[in-house]
Amino acid sequence: ETFQSQEESQQQQDPRQGFRDQHQKIRKVREGDVIALPAGVADWFYNDAQTPLVLVQIMDTSNPANQLDNNFRKFFLAGNPQQQIQGQRGQFSGQGFQRGESQSQSRRGGSGGQEQRSGNIFQGFDEQFLAEAFNVDTDLARRMKNENDNRGVIVRVEDRLQFLTPEFSEEERSEYQRGRPANGVEETFCSARLKQNINDPSRADVYNPRAGRITSVNSHNLPILRSLRLSAQKGHLYQNAIMAPHWNMNAHSICYFTRGTGRVQIVDENGRSVFDGEVREGQILTAPHNFAVVKRAGGEGLEWVAFKTNDQAKISQLAGRVSSMRAFPEEVIANSFQVSREEARRLKFNRDEVTLFSPGSRSQYRA
């Protein structure tokens, strides 16, 4: 238990003050937060606001912590999730869960194709064992199994939940509001910083006032990602802006589009187009390692979050001021593409922006 001062501990023991629950650390989250959860930890989310909370999750089944196979296994400590483990889409809100679409999912396996149940983890235990383990009666142990609970994996809370939460000092409060991270040196597993906001424009790694911004969360600014071997990138392209053609040097990229529309092209290592189409909010697109990608926003702009399978994911650009093309001598470019030296110069210098390109505003090179 944590977040208790000496006075609170005394009140806890004083029956006149009433019972106060004790529990582990609770972390506040807000729009744009990236949350890193190590394999095997128990977690829960509660939306105490009046606006919907949308969560996007990525699970890395190739992580060394997964000792079985490449299948993702998620177990529930409570509820009866067999009806809605997969195929359920919706949003958290302060008024409960708003369903988008739902379908009954049941996995079949074993001999004869018998249906396998997928309830909470306590359903597989004997009631007497549970009663003894928790030192409760068998009726309560039976209810822990939630066998007749048909609410699904997201439940409505009738009354607002009350938690024991820390009181922030003025310095801590101002740091939280600014989102300033700790240095990560003194972190232990229990006190490790697990989240970093990726939605704050002031944290952008790349910013072009005419094209947009890109913000990255990796093991440099969220050290726990080093053990998870994952990172994330938030991209925001303004109207008709372009993200430079590039390839992922050391990671796969799973891109979830959060707002707007645009067009994306992906080309494999043999120069074949494997995707060329329109994208919009709610869609997911995967760009494998070393596949070349280019994004262009539509009239509404385009925003996305990309999850990458390396805690220090890198890209290499094909155009722009920090591109591979800039590093080649113009004579090499001229002979490689069978163009004149003047045309080779234009290929090298006509786009002087970094990563994000404004629409129709080429930086003309003059000899």
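In this text, all values refer to a predicted model and were calculated from it rather than measured experimentally.

Parameters at a glance
- Residues numbered from 1 in each chain as written.
- Predicted model: local features only at pLDDT ≥ 70, side-chain atom pairs only at ≥ 80, totals over all residues.
- Heavy atoms only, no water.
- Helix = DSSP H or I, 4+ residues; strand = E, 2+ residues; numbered from the N terminus.
- Buried < 20%, exposed > 50% of the residue type's maximum accessible area, 1.4 Å probe, protein only.
- Contact = heavy atoms within 4.5 Å.
- Areas by Shrake-Rupley, 256 points an atom, 1.4 Å probe, with all protein chains shown as cover.
- Polar contact = N/O pair within 3.5 Å; in protein donor to acceptor, adjacent residues only side chain to side chain.
- Patch = residues over 30% accessible without salt bridge, like charges linked within 9 Å, V, L, I, M, F, W, Y side chains within 5 Å.
- Salt bridge = Lys/Arg side-chain N within 4 Å of Asp/Glu carboxyl O.
- Phe/Tyr/Trp six-rings, centres within 6.5 Å; stacked < 30°, edge-to-face > 60°.
- Lys NZ or Arg CZ within 6 Å of the ring centre and 35° of its normal.
- Core = buried A, V, L, I, M, F, W, Y, C linked by side-chain atoms within 4.5 Å.
- Pairing = 2+ DSSP bridges.
- pLDDT = per-residue confidence, 0-100.

Asks: What should I look at first to understand the overall build of the protein in this one?
Replies: Helix and strand content of the protein: eight helices and 16 strands. Taking all 367 residues of the protein together, 33% fall into the buried category. For the protein, the proportion of contacts with a sequence separation of at least 24, taken over those separated by at least 6, is 64%. About 23,500 Å² of surface is accessible on the protein, with carbon and sulfur atoms providing 47% of the total.

Asks: Could you clarify how one ought to interpret the side chain of E353 in this entry?
Replies: Residue placement: E353 occurs in the loop between α8 (341–349) and β16 (356–357). Judged by relative accessible area, which is 10%, E353 ranks as buried. At a separation of 2.8 Å, a polar atom in the side chain of E353 contacts the side chain of S358.

Asks: So what exactly am I meant to see when it comes to a nonpolar patch on the surface here?
Replies: A contiguous nonpolar surface patch, about 390 Å² in accessible area, is contributed by V29, I35, L37, V41, F45 and L55. By the secondary structure assignment, V41 is in the loop between β1 (33–35) and β2 (89–93).

Asks: When you look at the side chain of S253 in this model, what are you seeing that I'm missing?
Replies: Among the structural elements, S253 can be located in strand β11 (residues 253–267). When residues no more than four places from it in sequence are discounted, the contact partners of S253 are N248, L285, T286, A287, A306, F307 and K308.

Asks: I would appreciate a short explanation of the packing of aromatic side chains in the present structure.
Replies: Aromatic ring pairs are defined here through the distance separating the ring centres and the angle between the ring planes. All chains considered together, the criterion is met by zero aromatic pairs. Geometry around W304 places K295 over its ring, the cationic atom sitting 4.8 Å from the centre.

Asks: Where do I start with unusual backbone geometry in this structure?
Replies: Glycine aside, negative phi is the norm for most residues, and most peptide bonds take the trans geometry. Phi is positive for N240, close to 60 degrees, though the residue is something other than glycine. Here N240 shows up in the loop between β9 (231–237) and β10 (242–248). We note that T355 has phi near 70 degrees; this positive angle belongs to a residue other than glycine. Along the chain, T355 falls in the loop between α8 and β16.

Asks: Sorry, what's going on with the nonpolar core here?
Replies: The tendency in soluble globular proteins is for nonpolar side chains to be buried as a group. Counting 20 residues, the largest nonpolar core has L237, F257, V264, I266, L302, W304 and L356 as its most contacted members. Elements with a contribution of two residues or more to this core: β11, β13 (284–287) and β14 (292–308). It is β14 that contributes the most residues to this core, five residues altogether. Counting 13 residues, the second largest nonpolar core, distinct from the first, contains A36, L194, L222 and F307.

Asks: For this particular structure, what's the right way to read the pairing of strand β12 (residues 273–280)?
Replies: Two faces, one strand: in a regular strand the side chains alternate between the faces of the sheet. Two elements, β11 and β12, share seven bridges in a ladder whose sense is antiparallel. Bridge pairing links Q265 to D276 in β12.

Asks: Would you mind going over the confidence of the model for the protein with me for this structure?
Replies: A low pLDDT means the predicted coordinates there should not be read in detail. Mean pLDDT over the protein works out to 77, with 74% of the residues at or above the 70 mark. For the protein, per-element mean pLDDT is lowest for strand β4 (residues 107–108), which scores 32, and highest for β9, which scores 96. A low-confidence stretch, residues 84–116 (pLDDT under 50), is modelled with 70 contacts involving residues beyond four sequence positions or located in other chains. Here residues 362–367 is a poorly scored stretch, pLDDT under 50, and it has ten contacts once near neighbours within four places are set aside; other chains count.

Asks: When you look at helix α2 (residues 127–134) in this model, what are you seeing that I'm missing?
Replies: Residues spaced three or four apart along an α-helix point in a common direction, a consequence of the helix completing one turn every 3.6 residues. A distance of 2.8 Å separates the backbone nitrogen of Q128 from a side-chain oxygen at the start of α2, and that oxygen is part of D126. Among the residues trailing α2, N135 stands out with phi positive, at a value near 60 degrees.

Asks: Would you mind showing me how to read the pattern of salt bridges here?
Replies: The full count for this structure, using the stated rule, is 18 salt bridges. Here R272 and D268 are joined by a salt bridge, their closest N and O atoms 3.0 Å apart. The closest approach of N and O atoms between E353 and R351, which form a salt bridge, is 2.6 Å. Among the residues examined, R351 registers a relative accessible area of 16% and is labelled buried.

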